[in-house]
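# Working through the structure, step by step
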Amino acid sequence: MLERLLGGWKGKAVVLILLGFAATAFIITITLSAADATAHIIESPVIPVWLHNKDRVIVTLLLLSLLSGVFLKGFREAIGVAAVIVAIYLGLNAFVLFAAGQHLMDNPHVFDDAWQSLINRYHSPMEMFLVSMLLFPKLALGLSGFETGVAVMPLVKGLPHDDPKHPQGRIKNSKKLLATAAIIMCFYLTFSSITTSLLIPPELFAEGGEANGRALSYLCHKYCGHLVGSIYDLSTISILWFAGASAIAGLLTLVPKYLPRYGMAPDWALATRPLVIFFFIVEAAVTIMFKANVDAQAGAYATGVLVLMTSAAIAATFSVWNRNWFYRIAFVIISGIFIYTLSANTLQNTEGLQIASFFIVAILASSLISRAIRSTELRISSVKLDETAERFLDEATSKHWGEIRILAHRPDDINYGVKEEWARHVHSIQHPEGDFIFFEVTTDDTSEFIDECLEVTGQVINGYQVLRCTSSAVPNALAALLLYIRDRTHKVPHAYLGWTEGHPITYIVKYVFLGEGETAPLTREILRSTEPDSKRRPLIHVG
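Quick look at the structure, then.

Scoring rules and cut-offs
Residues numbered from 1 in each chain as written. Predicted model: local features only at pLDDT ≥ 70, side-chain atom pairs only at ≥ 80, totals over all residues. Heavy atoms only, no water. Phe/Tyr/Trp six-rings, centres within 6.5 Å; stacked < 30°, edge-to-face > 60°. Helix = DSSP H or I, 4+ residues; strand = E, 2+ residues; numbered from the N terminus. Buried < 20%, exposed > 50% of the residue type's maximum accessible area, 1.4 Å probe, protein only. Lys NZ or Arg CZ within 6 Å of the ring centre and 35° of its normal. Pairing = 2+ DSSP bridges. Right-handed = clockwise from strand over helix to strand, strands pointing away. Expected span 1.5 Å × (residues − 1). Contact = heavy atoms within 4.5 Å. Core = buried A, V, L, I, M, F, W, Y, C linked by side-chain atoms within 4.5 Å. Axes fitted to C-alpha atoms, helices over the stretch in contact; angles between N-to-C directions. Parallel < 35°, antiparallel > 145°, perpendicular 65-115°, else oblique. Left-handed = near helix turned anticlockwise from the far one by under 90°. Salt bridge = Lys/Arg side-chain N within 4 Å of Asp/Glu carboxyl O. Disulfide = S-S within 2.5 Å. Lys, Arg positive; Asp, Glu negative; His and termini not counted. Polar contact = N/O pair within 3.5 Å; in protein donor to acceptor, adjacent residues only side chain to side chain.

## Focus on the packing of aromatic side chains
Scanning the model with the defined rule gives 11 aromatic pairs in all. Ring centres of Phe187 and Phe191 lie 4.9 Å apart, and the angle between their planes is 50°; on these two criteria the pair is classed as tilted. Separated by four residues within a single helix, Phe187 and Phe191 lie in helix H8 (residues 168–199), roughly one turn from each other. Relative to Tyr327, the ring of Phe326 has its centre 6.1 Å away and its plane inclined at 80°; by these criteria the two rings are edge-to-face. Phe326 sits in the exposed class, given a relative accessible area of 51%. By way of ring pairs, the aromatic residues Trp325, Phe326, Tyr327 and Phe331 are connected into one cluster. When the ring centre of Tyr327 is taken as origin, the NZ or CZ atom of Arg323, which lies over that ring, is 5.0 Å away.

Dropping the structure here:
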């Protein structure tokens, strides 16, 4: 949405920065969940004591490698395993919450004691509200997983007749997905918060306490017995281990959607298995860096999630701005809440911004290097000439020497006669040898890397034949046209260009970012990399 709203390089820069925060959120989701699963394994009361002091990093890396192995097996298989694990986990949690709720109903004095404790500590409801507002940003971790639900929307099944530009079926089903996730999260978060707060003494939540990081597990062992508690622990370990599945699915959806299209990633980034291996290497590095510590990663995770959701809220606000005042006010309030929560979290956890900055710099640097390396690829899938342009080619092959001579020309220059005389003089092309066909390229969005189809039109201007097209890069358009002419006429065409005055480094930068530069050598290099046979390669003449 933001890419469309801002457009060009501004839109792509925003996307790359947001991808940095997305990478932070999703990678940390995977490593944090695996580290949390390790904590449950090592700290479980049913685990032998001698295992409690084992290296967390090794256990976490083992869990991460198993998760990656499931995705290497296949994406559909991974989602199937996730569905089973989630169903069991939600069922067990509902059972634990029911048992805890039953205990609360049998002991109503617990509510009275909690209320009295609040009144003794805070003297007015307004004071309670203000303290709640200060603590509200800490609940950002409760949004865990919701952002990945948004990221995997392209995977949601739509209707057979959906319009790709506006898939109504997919939009409808995505709303069902998000609504279901929100309802489930609201129910479980609310009731788990109430039961754990009322039934567990505060000192047990402290570092080293029995309920630290495993509050519901503590209640399960207490009210349902150690057998059910052990089953619950096993389910918790499974869900935490596989919680990264949604994050991996989100990354596998996001990365191929943007970076290869921008020319900022190699072609293997479109394949699932190489990406899974790459993500595992990054996850392993993050785990080792944080020593599989859950608390150390929480701040970075919250920052990444909140940046994504805040930017989404702002983009949604822009999209509904012209509907009516009610939508405008409602979305501004929602965006304001997210901005406040993000600001408070960032001030409290600066390491989150630092880690996100590392991912952003890494993505920007690697993306620009990849774009520069891939700049000499032929980035045009097909070429289409109108009837007039096709006629120009037929006439060229049937007159004079039958050669097709393309003369590059700037669109803003109307002095075709002067340009032709200059070209005949510099390249020593006499009139009996044939006429030139002028070729003009108007650059549009130079930030785009791939043009699906180059549409070329033919015009006769002051007696001169002129081919015109619009493309994101001039050398690519010329190379694509020359290859099309060769394949259509079975003749090797000639292209005539002049040297550009200026420093070569400057023109390399101009080509990467603005689609223009030292056109002659760039066109020749694109042709060389596309057509290895020099006898079939279109000829570039420079003078």
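## Focus on unusual backbone geometry
Even without being a glycine, Ser428 presents a positive backbone phi close to 55°. By relative accessible area, Ser428 is classed as partly exposed at 46%. Of note in the backbone geometry, His490 takes a positive phi value of approximately 60° without being a glycine. Mapped onto the secondary structure, His490 falls in the loop between helix H17 (474–489) and strand E6 (494–497).

## Things to note about the pairing of strand E3 (residues 436–443)
In terms of burial, E3 is largely enclosed, as six of its eight residues are buried. Here four bridges tie strand E2 (residues 405–408) to E3, and the two strands are oriented parallel to one another. Each bridged residue has a counterpart across the sheet, and for Arg405 the counterpart in E3 is Phe436. Handedness of the crossover joining E2 and E3 through helix H16 (residues 416–427) is recorded here as right-handed. Inspection of the sheet shows E3 paired to strand E5 (residues 464–471) by six bridges, in the parallel sense. Its bridge partner being in E5, Glu440 is matched across the sheet by Arg468.

## Digging into helix H11 (residues 272–290)
Between its terminal C-alpha atoms H11 stretches 27 Å, which fits the 27 Å expected from 19 residues at 1.5 Å a residue. Residues Leu275, Val276, Phe279, Val282, Glu283, Ala284, Val286, Thr287 and Phe290 constitute the buried set of H11. Looking one or two residues beyond H11, the residue adopting positive phi is Lys291, at roughly 55°.

## Quick look at the side chain of His494
In this fold, His494 is placed in strand E6. If near-sequence neighbours (up to four positions away) are discounted, His494 is found in contact with Glu403, Ile404, Arg405, Ile406, Leu539 and His541.

## Some points on the nonpolar core
Counting 64 residues, the largest nonpolar core has Leu19, Leu67, Phe71, Trp241 and Phe242 as the members making the most contacts within it. Sort the elements by how many residues they give to this core and helix H2 (residues 8–43) lands first, with 15 residues. Discounting chain neighbours no more than four positions away, the residues touching Leu67 are Ile30, Trp241, Phe242, Gly244, Ala245 and Ile248. Residues Ile380, Ile404, Leu482 and Ala495 belong to the second largest nonpolar core, which totals 31 residues.

## Regarding the sheet that holds E3
Taken together, seven strands build an open sheet; the order of strands is E1-E4-E5-E3-E2-E6-E7 and the sheet is mixed. The open sheet is flanked by strand E1 (380–385) and strand E7 (539–542), the only strands paired with a single partner. Pairs of neighbouring strands in the sheet enclose a mean axial angle of 30°, with direction left out of account. Helix H15 (residues 387–398) contacts E1, E3, strand E4 (451–461) and E5 of the sheet and is inclined by roughly 70° relative to E4. This element, helix H19 (residues 519–530), spans E6 and E7 of the sheet and lies at about 165° to E7.

## What to know about the packing of H17 against H19
Contact geometry for H17 and H19: axes closest at 9 Å, N-to-C directions at 50°. As judged from the angle between their axes, H17 and H19 are oblique. Crossing of H17 against H19: the hand is right-handed. The residues of H19 that touch H17, namely those facing Val474, Pro475, Asn476, Leu478, Ala479, Leu482 and Leu483, are Thr519, Leu522, Thr523, Ile526, Leu527 and Thr530.

## A closer look at the pattern of salt bridges
One pass over the full model with this rule turns up 12 salt bridges. A salt bridge links Arg488 to Glu390; the nearest nitrogen and oxygen atoms lie 2.4 Å apart. Residue Arg488 is found in helix H17, and its partner Glu390 is found in helix H15; the two are separated by 98 residues along the sequence. Close ionic contact of Arg486 with Asp487 constitutes a salt bridge, the shortest N to O distance being 2.9 Å. Classification of Asp487 by relative accessible area gives partly exposed; the value is 43%. Several salt bridges converge on common partners, so that one network encompasses Arg486, Asp487, Glu531 and Arg536.

## Describing the environment of Arg374
Structurally, the position occupied by Arg374 is in the loop between helix H14 (350–373) and E1. Exposure remark for Arg374: the relative accessible area of 9% places this residue in the buried category. When the C-alpha atoms of Arg374 and Pro432 are compared, they prove to be 41 Å apart, with 58 residues separating the residues in sequence.

## Let's talk about the state of the cysteines
Inspection of the entire model under this criterion finds zero disulfides. Counting only cysteine sulfurs, Cys220 is the nearest neighbor of Cys224, a cysteine outside any disulfide, at a range of 4.4 Å. Not engaged in a disulfide, the cysteine Cys453 finds its nearest cysteine sulfur in Cys469; these two sulfurs lie 11 Å apart. Judged by relative accessible area, Cys453 falls into the partly exposed class, the value being 34%.

## A word on the side chain of Asp162
Here Asp162 is to be found in the loop between helix H7 (146–151) and H8. Of the side chains with opposite charge, Arg170 lies nearest to the buried Asp162, which makes no salt bridge, at 5.8 Å. Of note is the side chain of Asp162, whose polar atom sits 3.0 Å from the backbone nitrogen of Leu159. Looking at Asp162, its side chain comes within polar contact range of the main-chain nitrogen of Arg170, at 3.2 Å. If sequence neighbours within four positions are ignored, Asp162 has contacts with Pro167, Gln168, Gly169 and Arg170.

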